[in-house]
Amino acid sequence: MLTAFLWLIRILTGLIGLGLIAMLLAYYILSRSLVDYSEDFTLEDISAPVEIVRNNDNVPHIFGKTDADVFFALGFAHAQDRLWQMTMLRRTAQGRLSEVFGQATVKTDELLRRLDLYGLSLASVAAQDAETMTALEAYSAGVNAWINQINKGARGRGAPEFFFFSNEIAAWAPADSIAIVKLMALQLAGQVQSEVLRARMSLILSQERLADLLPDDPGQGVAALPDYAAVVPGVTPDFEAVDFAQGPLSPVADIGFAGASNAWAAAPGRSAAGGSLLANDPHLDFTAPGIWYLARLELQSGGVIGGTIPGVPAVLVGRSEAMGWGLTSAYLDDQDLLIEELNPDNTEQYKTPDGWASFEKRQSIITVKDGDPLTLTLRWSKNGPILPGTHYDLASITPPGHVVALSWTALSATDTSVTAAMRLMRAKTISDGIAAGSLFVAPAQNLMLADTTGIAMQLIGAMPNRDPGHKSLGRMPSLAADPVNGFKGTLPYSDNPRFLNPSSGLLGNTNNKTIERPFPLHVSYDWGDTQRIQRWLTLMKAREVHTRESFIEAQLDTVNPTARALLPLIGSELWFTGEAASEGTPERLRQKALILLAEWNGEMSEHLPEPLIAEAWLRALMDRLIRDELGAMADTFTHPSPVFMERVYRNVDGASVWCDVIQSAAVETCADLSRIALDEALLRLSETYGPNVESWRWGDAHQATHDHPVLGTVPGLRYFVNIRQSTSGGDDTLQRGSTKGTGPNPYLNVHGAGYRGVYDFADPDSSVFITATGQSGHPLSRHYDDLGELWRRGEYIPMSLDPDLARAAAAGVMVLTPAP
C-alpha cells in the first residue's frame, strides 16, 4: 500500500513537473513575438533615419526627415503591436474569415462579398490624391517591413494567435487601409436594421401605437407614413423576433449598437483660460485589444497626436498645435432598401421605370477551412448589391417574386475618405478642417473642430439626395420600380449641416438630433440619443466659463437622466405606500428597494445597489408593457425605451393603453404594471445576488467586457486574453457604458468610449487622452491592459507634443536606418 502511494506521489510530481515545463516552453515560444522597443533596424524604403520614441505609456512618437518616412514608421509600429488585429480587420473586409475559422463565419463572409467592400476599395485607390497615395504606399511598406522581419527572424510568428490559426500573412497594400475605413462604415451603419424593424412593426401595430414604440425625437411631429403593406404589398405580419445576427466576428451592429459618441467644444470666450476647449469620446464595441491606438506623428506640417486605427495611416481623432478634431456618429440616413421586382419570365431581370433590365453578375468563391468551397453568384441592380433574405432578416419583409437591393453611400468606387483624413491632419484652421471634410464619403460623422480662435461642428459624409415624394421617406423599404423611390445622387457638401462659432460659445453632440429640416434635407429620422444631451446641457449651463477639468468632469459624468425622469413617473403610486411587511417577504423587499431609490440622485456608481435596481425595474417594465401585444417580437427590444415609457406613463396620445394586458379580462393600470415589474425585477436580482438589497453592487453586473474576439470564448485561454473590470455609467449616461441587453447577465458593459480625449488650446501640451485597454495586442505584454485601469478610474495620460517629455522614462527608443 505504501509503495503504491509513493508511486502515486511520484507520478503526480512528474505530471506537475511536465506541466510546468510545458507552460514554460509555451511562454517562451509565445513571448518570442514580444517587441523589444529599443531594438534598431536597417530597412529598405526609407530615405533617412527615423526615430520611434515610445513613452512610458508605450505611445509612439515618430520623427522622420520626410512625411513618407513617418508613415512608414507608423506602419512598422502598428504591425509590431497589432499585426493580428490588422490582419483580422483586412480578412473581414475581404470576406475571407472562413479560410481560418471554417463554417462559423461563412455568413459574415457572404455578406462582405456581396457588398464588395474590398473590390470598391481597390477601385478607390485611384481616387486618392498624390499626397495620400504617398502616405498609403509608405505605410504599406512599413507594415511589410515588419512582416519581413517576422519571416526572417525567430519572432514568434508575429503574434500568439498565429500559433492557433493560419500564420499566412499577405503583404499589406493601400487598398487594405481604405477597406478598413469602409469596414468601419459598415460597423457604424444602422439604417438597414431600422428600416426592417419599422416595416415589420407597421404590419402589427396601428400608426398611433407605432409612434409610441418607435417614436421620433420628442418635439418633432410624427411623420404620417402608410404601413408597410401599403408601400410594398404582399408581405404578411410576422411576430417572430427580428434576427440581425450574422454570426461570429460579424461587423454588423444590432439595433442600438450602430455607433455612438460624445463631443463638445467651448470657444475662447467660454474658457476660463482663454483658449478653445474640445472633448471627444467615440463609442464602439469593446474588444481586447481595443480598436484605438495612440500615436504622435511629426509631419512636415507639424506634429499631430491622437487616436489611430491600426491599418489606417491617419490620426482620426486628436490635435495638432493649432487645431483639435473629434468625431461623433451623425446617424445620417445613408442607406435605402429597394425592393426589386423580378421578371416572372426571366428571373435574371428586374423591373425599372424604363422596363426590364438585367442584373450585373459575377461569381465569387469562399474557401472554407475543413469544408467544401462555397460558390456565390453576386448580383447588382442599378440601386446596389442584391442581398438574400438570410441577411438582416430581409426575408420577413420581401414579397414573393422580389429581391432586395441596398443603396448605400459607402458603396462608392471613388471613396476619398482617407484623403479627407490626411488633409484634416494637416489642417491649421477650422476653415481648413471643414474643407478637408468635403472629401469624406462614409461613415457619416459630425466633425467637431476647435482652433485657437473658435469652434465648429460640420457633418461630413455623402448625404443622399431623394425625391420629396419618396413613398417611405427612406424609413422603410420601398419599391425600386417606382421612380420617386431610391437615391437620386448625393447632395452638395454645402447642404451638410454646419455650426460655426455659435453665440452661446458652446457646441455639443451626443448623437442627438442636430437639425430640423424637411425631407430630404432632414439628415435622419432615427437619432442615437434623446437623454445624454439633456444631462450635457445641464452641465454646460452650470458654469459661465469652462476648463479642461470641467470638460473631463462632464466626460466622466455618471448621472442617469433617464432614471431621474422615469422613476418618479413609474413609481408615482408606490413611493412610501403599503403596510408594514415581514422580513423576507416580497412586500418588504419592494419597500427596501423603493426607500433606496427615493433617496438616490441617479448616479450610476459601480459601488451602489440603486443603479442595478433601477435598470432591472425598467427592463422588466418594458417587457411587460409590450409582451402581450408583440409576443416573441418583444425579444427584439432588448433595452428600455425612455421616450416610449414616458409617453405611456404620461398617456401621450392615449399611449397608456399599453398598460392593459389585452389577453386578461381585468383592466390593468400602469401602477399595477409598475408594481408587478418591480417585484419581478427584485426576485430575479435576489436569485443572482442574494437577498440583502444593500449589498448589491452595480459594478458586479456592469463589467466592461474587453474580450478577445477570437480567443475570448476558449476555456482557460479566456482568463489570459479577456480584460474584465467593473464600471460605472450606463446606457444613458455621458460616461456611456451600453449594456448587452441579452443573455444571463444583460447588464454587461459591451459598448462605450474606447478613447477619451480633452484638448485645451490655452495650453495645448496640458491636453490629455486615454484608451480602454493598452497599446499592445500581445496578451503577454505589460502594455496589453496597462491603460485599462486608468481608464476605469477616469484617469488620463499626457497628450504632449514635447519631444523631451516623450523621451523622459521612455519604454524604448527604436531607430530605423535606411539600408545602404
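In case you missed it, the structure is sitting above this.
Residues numbered from 1 in each chain as written. Predicted model: local features only at pLDDT ≥ 70, side-chain atom pairs only at ≥ 80, totals over all residues. Heavy atoms only, no water.

*Asks:* In this structure, what is going on with the overall build of the protein? I would like to understand it.
*Replies:* Summing up its helical and strand segments, the protein has 24 helices and 31 strands in all. In terms of its C-alpha atoms, the protein occupies a principal-axis envelope of roughly 85 × 85 × 70 Å. Put simply, the protein has 820 residues, and 61% of those count as buried. Sequence separation of at least 24 residues holds for 72% of the intrachain contacts in the protein that already meet a minimum separation of 6. (Helix = DSSP H or I, 4+ residues; strand = E, 2+ residues; numbered from the N terminus. Buried < 20%, exposed > 50% of the residue type's maximum accessible area, 1.4 Å probe, protein only. Contact = heavy atoms within 4.5 Å.)

*Asks:* Teacher, can you tell me more about the state of the cysteines here?
*Replies:* Each disulfide is one covalent bond, formed between the sulfur atoms of two cysteines. Evaluated as defined, the whole model comprises 1 disulfide. The disulfide that involves Cys659 links it to Cys670, with 2.0 Å between the sulfurs. Between Cys659 and Cys670 the sulfur-sulfur dihedral comes to about 95°; the bridge is accordingly right-handed. Of this pair, Cys659 sits in the loop between α19 (642-649) and α20 (670-689) while Cys670 is found in helix α20, placing the two residues 11 residues apart along the sequence. For the pair formed by Cys659 and Cys670, the shared burial category is buried. (Disulfide = S-S within 2.5 Å.)

*Asks:* Before we go on, may I ask you to explain unusual backbone geometry in this structure?
*Replies:* Note: most peptide bonds trans; most residues except glycine with negative phi. With an omega of -5°, the peptide bond running from Ala288 to Pro289 counts as cis. With respect to the element layout, Pro289 can be found in the loop between β5 (277-285) and β6 (293-299). One non-glycine residue, Asp45, lies in the positive phi region at around 75°. Here Asp45 is to be found in the loop between β1 (41-43) and β2 (50-54). The phi angle at Asp393 is positive, at roughly 60°, despite the residue not being glycine. Mapped onto the secondary structure, Asp393 falls in the loop between β15 (384-387) and β16 (402-408). Classification of Asp393 as buried rests on a relative accessible area of 15%.

*Asks:* So what exactly am I meant to see when it comes to the packing of aromatic side chains here?
*Replies:* Given two aromatic rings, their pairing is described by the distance between the two centres and the angle made by the two planes. Under the criterion given, the structure shown has 14 aromatic pairs. Consider the rings of Phe286 and Trp791, whose centres lie 5.6 Å apart with planes at 85°: the pair is edge-to-face. In this pair, Phe286 sits in the loop between β5 and β6 while Trp791 sits in helix α23 (residues 788-792), placing the two residues 505 residues apart along the sequence. You'll find Phe286 and Trp791 in the same group, each marked buried. An aromatic cluster is built from Trp84, Phe101, Phe162 and Phe165, whose rings are joined through pairwise contacts. We note Arg379 situated over the ring of Phe359; from NZ or CZ to the ring centre the distance is 4.6 Å. For Arg807, the ring lying beneath its charged end belongs to Phe63, and the centroid distance is 5.3 Å. (Phe/Tyr/Trp six-rings, centres within 6.5 Å; stacked < 30°, edge-to-face > 60°. Lys NZ or Arg CZ within 6 Å of the ring centre and 35° of its normal.)

*Asks:* Explain the packing of helix α2 (residues 67-94) against helix α8 (residues 174-188) to me, please; I cannot follow it from the model alone.
*Replies:* Helix-helix packing is characterised by the crossing angle of the two axes and by the distance between the axes. Where α2 meets α8, the closest approach of the two axes is 9 Å, and the angle between their N-to-C directions is 75°. Considered as vectors, α2 and α8 are oriented roughly perpendicular to each other. Taking contact as the criterion, the partners of Leu89, Arg90, Thr92, Ala93 and Gln94 in α2 are, on α8, Asp176, Ala179, Ile180 and Leu183. Taken together, the residues of the contact of α2 with α8 break down into 5 nonpolar, 2 polar and 2 charged. (Axes fitted to C-alpha atoms, helices over the stretch in contact; angles between N-to-C directions. Parallel < 35°, antiparallel > 145°, perpendicular 65-115°, else oblique. Nonpolar A, V, L, I, M, F, W, Y, C, P; charged D, E, K, R; others polar.)

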